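Structure assessment
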Amino acid sequence: MAAKQKVFYICQDCGYQSAQWYGRCPDCQGWNRFVEEREQAPQAPGKNRRSQTQSPKHPQAVSLHEFSPVEFPRISFPWGEVNRVLGGGLTLGSVVLLAGQPGIGKSTLLLQLFGQLDSKQDTRPLLYVSGEESNQQINVRAQRLGIKGQRISLLGETNVVRLVEQIRTLSPEIVIIDSVQTLFHPDLSSVPGSVSQVRESTDHLVRCAKEMDIPFFLVGHVTKEGSVAGPMTLEHLVDTVLVFEGDQSQNYRLLRSSKNRFGPTDEVGVFEMVSEGLQEVKNPSELFLRERAQNVPGTVVFPLLEGTRPLLIEVQALATDSSYGVPMRNAVGFDKNRLTMLLAVLEKRAGLHLSGQDVYVNVVGGIKASEPAADLAVCAAVISSYTGKTLPDKTVVFGEIGLTGEVRSVQQASLRLREVQKLGFTRGLLPSLPAKASFDHHGIEMMEISSIDMLLSLLSMNTSS
Ligand code: TYD
Ligand code: MG
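Residues numbered from 1 in each chain as written. Chains lettered and ligands numbered in written order. Predicted model: local features only at pLDDT ≥ 70, side-chain atom pairs only at ≥ 80, totals over all residues. Heavy atoms only, no water.

**Some remarks on the site of ligand 1**
- Taken together, 16 residues are adjacent to ligand 1, and Gly103, Lys106, Ser107, Thr108 and Gly277 come closest.
- Ser107 has a polar side-chain atom sitting 2.6 Å from an oxygen atom of ligand 1.
- Burial of ligand 1 by the protein chains amounts to 75% of its free accessible area of 560 Å².
- Secondary-structure elements contributing two or more residues to the shell around ligand 1 are helix 3 (106-117), helix 4 (135-144) and strand 13 (268-274).
- Classifying every residue of the shell around ligand 1 by side-chain character gives five nonpolar, seven polar and four charged. (Near = heavy atom within 4 Å. Polar contact = N/O pair within 3.5 Å; in protein donor to acceptor, adjacent residues only side chain to side chain. Areas by Shrake-Rupley, 256 points an atom, 1.4 Å probe, with all protein chains shown as cover. Helix = DSSP H or I, 4+ residues; strand = E, 2+ residues; numbered from the N terminus. Nonpolar A, V, L, I, M, F, W, Y, C, P; charged D, E, K, R; others polar.)

**Observations concerning the nonpolar core**
- Formed by 66 residues in total, the largest nonpolar core has its most connected members in Phe288, Phe302, Phe334, Leu346, Val361, Val382 and Leu455.
- With eight residues, helix 10 (residues 375-387) is the single largest residue contributor to this core.
- No fewer than three residues from each of domain 2 (74-281) and domain 3 (287-461) sit in this core.
- When near neighbours in sequence (up to four residues on either side) are disregarded, Val382 contacts Ala317, Leu343, Leu346, Leu354, Val359 and Val361.
- In this structure, Val82, Leu90, Leu117 and Ile138 belong to the second largest nonpolar core, which totals 32 residues. (Core = buried A, V, L, I, M, F, W, Y, C linked by side-chain atoms within 4.5 Å. Buried < 20%, exposed > 50% of the residue type's maximum accessible area, 1.4 Å probe, protein only. Domains from an automatic or database assignment. Contact = heavy atoms within 4.5 Å.)

**Some words on the packing of aromatic side chains**
- Taken as a whole and assessed by the stated rule, the structure comprises eight aromatic pairs.
- Centroid distance Phe77 to Phe217: 6.5 Å. Interplanar angle 45 degrees. Geometry classified as tilted. Placement of Phe77 in the loop between strand 4 (74-75) and helix 2 (80-86) and of Phe217 in strand 10 (residues 216-221) is noted, with a sequence separation of 140 residues between them.
- Phe77 sits in the buried class, given a relative accessible area of 4%.
- Put simply, the rings of Tyr16, Tyr22 and Phe34 pair up and form one aromatic cluster.
- It is Arg416 that lies over the ring of Phe398; its NZ or CZ is 5.7 Å from the centre. (Phe/Tyr/Trp six-rings, centres within 6.5 Å; stacked < 30°, edge-to-face > 60°. Lys NZ or Arg CZ within 6 Å of the ring centre and 35° of its normal.)

**Side note on unusual backbone geometry**
- The residue after Asp178, namely Ser179, is reached through a cis peptide bond having omega 0 degrees.
- Mapped onto the secondary structure, Ser179 falls in the loop between strand 9 (174-178) and helix 6 (195-212).
- With a phi close to 65 degrees, Gln29 is a non-glycine residue in the positive phi region.
- One non-glycine residue, Asn295, lies in positive phi territory at about 50 degrees.
- Under the relative-accessibility criterion, Asn295 is labelled exposed at 60%.

**Overview of the pairing of strand 6 (residues 95-100)**
- For strand 6, the buried fraction is high: six of the six residues fall into the buried class.
- Neither face of strand 6 is exposed, since Val95, Leu97 and Ala99 on one face and Val96, Leu98 and Gly100 on the opposite face are all buried.

**Remarks on the sheet that holds strand 8 (residues 152-155)**
- Here nine strands make up an open sheet; going across it, the order is 8-7-9-10-6-11-12-13-14 and the pairing mixed. Looking along the sheet, the strands with just one partner apiece sit at the ends: strand 8 and strand 14 (277-280). Between one strand axis and the next, the sheet turns through 25 degrees on average, direction left out of account.
- Across four bridges, strand 7 (residues 126-130) lies against strand 8 in parallel orientation. Bridging from a neighbouring strand, Leu127 pairs with Ser153 of strand 8. (Pairing = 2+ DSSP bridges. Axes fitted to C-alpha atoms, helices over the stretch in contact; angles between N-to-C directions.)

**A few points about the environment of Gly246**
- Residue placement: Gly246 occurs in the loop between strand 11 (240-245) and strand 12 (252-260).
- Along the primary structure Gly246 and Ile10 are separated by 236 residues, whereas in three dimensions their C-alpha atoms are 30 Å apart.
- Excluding anything up to four places from it in sequence, Gly246 contacts Ile104 and Tyr252.

**Considering helix 9 (residues 336-350)**
- With 15 residues, helix 9 should cover 21 Å at 1.5 Å per step; its first-to-last C-alpha distance of 20 Å lies within 8% of that length.
- All of the buried residues along helix 9 are Leu339, Leu342, Leu343, Val345, Leu346 and Ala350. Taken end-on, helix 9 shows its buried residues confined to a sector of 160 degrees, consistent with a single buried face. The exposed set on the far side of helix 9, more than 90 degrees from its buried face, consists of Asn337 and Lys348.
- Where helix 9 is buried, its residues contact strand 17 (329-332), strand 18 (357-363), helix 10, strand 20 (400-401) and helix 12 (452-461).
- Immediately beyond the C-terminal end of helix 9, within one or two residues, lies Gly351, with a positive phi of roughly 70 degrees. (Expected span 1.5 Å × (residues − 1). Arc of directions from axis to C-beta.)

**Concerning the domain arrangement of the protein chain**
- Considered domain by domain, the protein chain is made up of domain 1 (7-38), domain 2 (74-281) and domain 3 (287-461).
- Once you take the C-alpha centre of each, domain 1 and domain 3 turn out to be 43 Å apart.

**Looking at the environment of Ala381**
- In this fold, Ala381 is placed in helix 10.
- When its relative accessible area of 0% is taken as the criterion, Ala381 is described as buried.
- The residues contacting Ala381, other than those within four sequence positions of it, are Gly298, Val300, Val315, Gln316 and Ala317.

**Quick word on the side chain of Ser385**
- Here Ser385 shows up in helix 10.
- Those residues in contact with Ser385 that sit more than four places away from it in its chain are Pro297, Gly298, Ala317, Leu318 and Ala319.

**A word on the side chain of Glu81**
- Residue position: Glu81 is located in helix 2.
- Glu81 sits in the buried class, given a relative accessible area of 5%.
- Within the structure, Glu81 has its side chain in polar contact with the side chain of Arg84 (distance 2.9 Å).
- At 2.7 Å, the side chain of Glu81 forms a polar contact with the backbone nitrogen of Val270.
- Aside from chain neighbours lying at most four places away, what touches Glu81 is Val268, Gly269, Val270, Phe271, Glu280, Val281, Lys282 and Arg309.

**Quick notes on the packing of helix 3 against helix 4**
- Close contact between helix 3 and helix 4 brings their axes to 11 Å; oriented N to C, the two are set at 65 degrees. Overall, the two elements helix 3 and helix 4 adopt an arrangement that is roughly perpendicular. In this structure, helix 3 meets helix 4 at a crossing whose hand is right-handed. On helix 4, the residues touching Ser107, Thr108 and Leu111 of helix 3 are Ile138, Arg141 and Ala142.
- Residues of the contact of helix 3 with helix 4, tallied by class, amount to three nonpolar, two polar and one charged. (Parallel < 35°, antiparallel > 145°, perpendicular 65-115°, else oblique. Left-handed = near helix turned anticlockwise from the far one by under 90°.)

Below, the structure written as structure tokens:
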């Protein structure tokens with residue numbers, strides 16, 4: 001007798017399910033995201049696939065004070081950048097989703113991590129499960145990266161039930177699944193990569209990871225809107241979400257943690273993609289400022305805070321006479337609406353006539369300066385481009401700007417100044433700092449800016465153009 005099939009519709013973005021099709025998802029409001037999926041009903045009661053894998057024991061409540069303080073056991077990689085983003089190494093039994101656009105370097109990163117553990121004395125294999133590339137393709141890549149692969153085992157299994165069986169037999173130290181979108185559960189008839197398949201497969205792997213105390217890396221491709229297929233459900237299932245990002249036309253890549261049950265989020269690691277694979281960048285500020293032109297109007301150095309880490313980046317602006325009725329405002333790496341607001345504040349509070357100017361802002365190297373602390377740097381770059389005067393030498397700028405033109409304080413000013421000092425800068429244009437006695441400015445000369453017109457008069461005075 002043929003098994004009954006339940007037909008339903010599911011939002012590819014948020015996983016919202018419904019018996020009827022919607023043009024617009026009632027939950028996440030996305031358009032055209034619903035796809036039809038079919039799920040086979042379980043064959044007989046008790047043979048349900050969940051009941052097969054669930055533990056037969058009923059959990060008992062335990063008192064919290066019976067637990068002694070423990071550190072999570074972790075695997076440490078030679079790459080400190082990866083350890084930092086993971087919160088101090090890879091926790092045993094944790095499931096880490098590595099999300100990123102196709103071609104950004106996810107497979108390369110993970111294969112290199114395995115390569116680093118290759119020579120470790122351990123009898124357990126490092127299992128690389130690939131549904132995307134053939135074993136031969138992975139072999140070619142490993143050769144290119146100089147990885148011998150004494151401990152690395154390759155497996156081309158995409159059936160998640162058989163895969164979990166293999167993992168139980170092999171008992172590897174770490175498992176990489178490249179990618180979770182290629183896996184399928186045989187009880188579901190929907191295609192691999194569909195929301196229900198991705199969710200079901202991940203669910204199986206998470207239970208396997210917890211039962212066997214093996215850490216898993218799951219590669220997840222990101223759709224062009226920037227979400228992992230079936231994102232909300234998938235992100236809830238895993239312990240850690242790492243996002244690997246970067247401008248594909250640039251060589252460097254950023255590894256970020258956007259969720260971490262075993263460490264802080266918002267940490268960032270920086271890598272450079274070269275012909276021998278990825279290399280960690282220990283001093284990213286140097287990399288971002290490498291090609292900066294000196295003594296040119298319209299460029300400002302800004303100490304951006306990424307998580308707990310300050311990075312020195314270059315903010316550029318160009319203000320030119322507008323040839324259209326409505327002046328252009330455009331920004332790359334900075335919020336366009338915020339730029340429009342800052343230009344209005346410059347016009348109204350500092351009397352800078354920008355209504356006849358096209359203004360472009362660019363944060364160099366594809367970095368996103370999304371914190372309000374970048375406001376003062378953006379304004380300084382615009383003023384500098386408009387007046388044609390450069391900023392004083394070896395100067396950084398940061399501060400948030402309010403609608404009345406006041407410059408507001410920002411978080412972690414001292415931490416930013418430490419990085420500023422490390423990179424050989426000597427001066428900072430920054431907001432007034434209330435508690436001066438306890439404030440460590442790391443020897444940086446502080447020029448306190450309380451309002452936007454003060455910034456304008458200071459930059460207009462500078463005659464180094
Ligand atoms: P890949 O790891 O296949 O990306 P993903 O798994 O995220 O889809 O990386 C592919 C890109 O990396 C490819 O465009 C070539 C580049 N690359 C290098 O520049 N150097 C190298 O040594 C390797 C292995 C890849
Ligand atoms: Mg890949």
